[in-house]
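Here's the letter readout for the chains.
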Amino acid sequence: LAPAEHSFLVLISDGISGHLSDQEVVDVVKEAKTPEMAAKELVKFAVDVKSEDADNATALVVRLGGWERRSEGGGGSIGTKEQRVWRLNDAMDPRRGRQ
């Protein structure tokens, strides 16, 4: 990899990849201020929206040379923001039997 060619590298367990789309993962990372915050937000969101039978949720986000430019290109975090808010609200709905 050339320096600053990529912004980050994300390693996630099936507890996250089984419940979030690739684009949701990218968008959560793009919104975070630090790689540590990105990893914590990925885990939190996956735990909040996954079903009871879901596996563990583990994430590691590695900052690469282009970290400061991570929001450039693509649709940005706007792409899945509304979808993620809806999923979180749906998961917290007491009518679903989960709180």
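Scroll up to find the structure.
Let me sum up the structure you'll find in this document. (Residues numbered from 1 in each chain as written. Predicted model: local features only at pLDDT ≥ 70, side-chain atom pairs only at ≥ 80, totals over all residues. Heavy atoms only, no water.)

## Side note on the packing of aromatic side chains
- Going through the model one piece at a time under the given rule, you end up with one aromatic pair.
- Relative to W67, the ring of F8 has its centre 6.2 Å away and its plane inclined at 75°; by these criteria the two rings are edge-to-face. Here W67 lies in the loop between strand 2 (59–63) and helix 4 (78–92) and F8 lies in strand 1 (residues 8–12), a separation of 59 residues in the sequence. Residues F8 and W67 agree in their burial class; the two are buried. (Phe/Tyr/Trp six-rings, centres within 6.5 Å; stacked < 30°, edge-to-face > 60°. Helix = DSSP H or I, 4+ residues; strand = E, 2+ residues; numbered from the N terminus. Buried < 20%, exposed > 50% of the residue type's maximum accessible area, 1.4 Å probe, protein only.)

## Focus: the environment of L88
- Relative to the helices and strands, L88 resides in helix 4.
- As for L88 and V47, which are separated by 41 residues in sequence, their C-alpha atoms are 10.0 Å apart.
- Setting aside chain neighbours within four positions, we find L88 in contact with F45, D48 and V49. (Contact = heavy atoms within 4.5 Å.)

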